[in-house]
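# Examining the three-dimensional arrangement
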Amino acid sequence: MTEEDSVKRKVKQVEGDINEAENVRNRVNKGAWTAEEDQKLAEVIAIHGAKRWKTIAAKAGLNRCGKSCRLRWLNYLRPNIKRGNISDQEEDLILRLHKLLGNRWSLIAGRLPGRTDNEIKNYWNSHLSKKMNQHSEKESDILKRKGCKRKVDTELREEETSQEFESSSNLEFDVDNLFDFSNEGPDLEWMSKFL
DNA sequence: AACAACCTCAACCGCATCAGA
DNA sequence: GTCTGATGCGGTTGAGGTTGT
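For chain A, the name recorded in an unreviewed UniProt entry is Transcription factor MYB114-like, with Cucurbita maxima as its organism.

Below, the structure written as structure tokens:
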């Protein structure tokens, strides 16, 4: 694609965004969903399937944009959604997958049945990122003081905490299944080969 | 009791990519 | 090959709840 094409595309996208923004200002509902909206959306999806979100929004008589309907369905209304209480095993899985994949939340979520990318992203940002920071701080602290002949009690305790963190990661799960990326498309084939 | 600070999570936004005409 | 609308993704925001002072 030439630079000119890319500029044209950009302009179109901006125009589209402006239109969407105007729509939003004029008529589209925003903010928290009501039980009534949820029900309407679920009914329409049951009939027409979870695709053509703009049409679904219109058919349901919701003053919502398609994007909003899609998000609501995927993160809240979809069947088999697990809510709350991420288990230790799930947390461990998230930590490992994040180490491997980075912030590719949808891929990570794909390995955690019933969990959404949004939920995992939120959980990471509110719980795990802090935990990781604390963990790495402890590690660097110990490294700094490695010259000391004797470890003081507190340092030992910190090491124990660190070991607890590591050992809590030794929960059981199907590694082969977890790290089988063969169905994720060509961009992750390298990972399958690598593993 | 009142207020501020902090935390959580649902929802929105902007952009990239896909798919069909 | 190009255009355009639809979809998917990750980052960000903000309302509401909780905790601390």
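There's more to say after this.
For Arg52, which is not glycine, the phi torsion reads 50° and is therefore positive. Summarising the element assignment, Arg52 is placed in the loop between helix H2 (35-48) and helix H3 (53-59).

So, on to the protein's contact with DNA strand C. Neighbouring DNA strand C are 14 residues, the closest being Arg52, Trp53, Arg70, Arg104 and Lys121. Each atom of DNA strand C within 4 Å of the protein was assigned to sugar, phosphate or base; sugar and phosphate come to 67%. A distance of 2.8 Å separates a phosphate oxygen of DNA strand C from a polar atom in the backbone of Trp53. Counting only elements with at least two residues in the surface near DNA strand C, the list comes to helix H1 (3-26), H3, helix H4 (66-77), helix H6 (105-110) and helix H7 (117-144). The residue inventory of the surface near DNA strand C, partitioned by class, reads 2 nonpolar, 3 polar and 9 charged.

Reading guide: rules and limits
Counting starts from 1 at the beginning of each chain's written sequence and moves along it residue by residue. Chain letters and ligand numbers both follow the written order, the letters beginning at A and the numbers at 1. Whole-chain, interface and lining totals are the exception, using all residues; otherwise, since this is a predicted model, local features are given only for residues with pLDDT of at least 70 and side-chain atom pairs are given and counted only at 80 or more. With hydrogens and water stripped out, all remaining heavy atoms of the structure feed into the side-chain values. Starting at the N terminus, helices and strands are each numbered in turn, a helix being any DSSP run of H or I of at least four residues and a strand any DSSP run of E of at least two. By convention in this text, a residue qualifies as near a molecule or strand provided that one of its non-hydrogen atoms is within 4 Å of it. Polar contact is the term for a pair of N or O atoms within 3.5 Å; when the atoms are in protein, one must be able to donate a hydrogen and the other to accept it, and sequence-neighboring residues count only if both atoms are side-chain atoms. In this classification, the charged set is Asp, Glu, Lys and Arg, the nonpolar set is Ala, Val, Leu, Ile, Met, Phe, Trp, Tyr, Cys and Pro, and all remaining amino acids, among them Gly, are polar.

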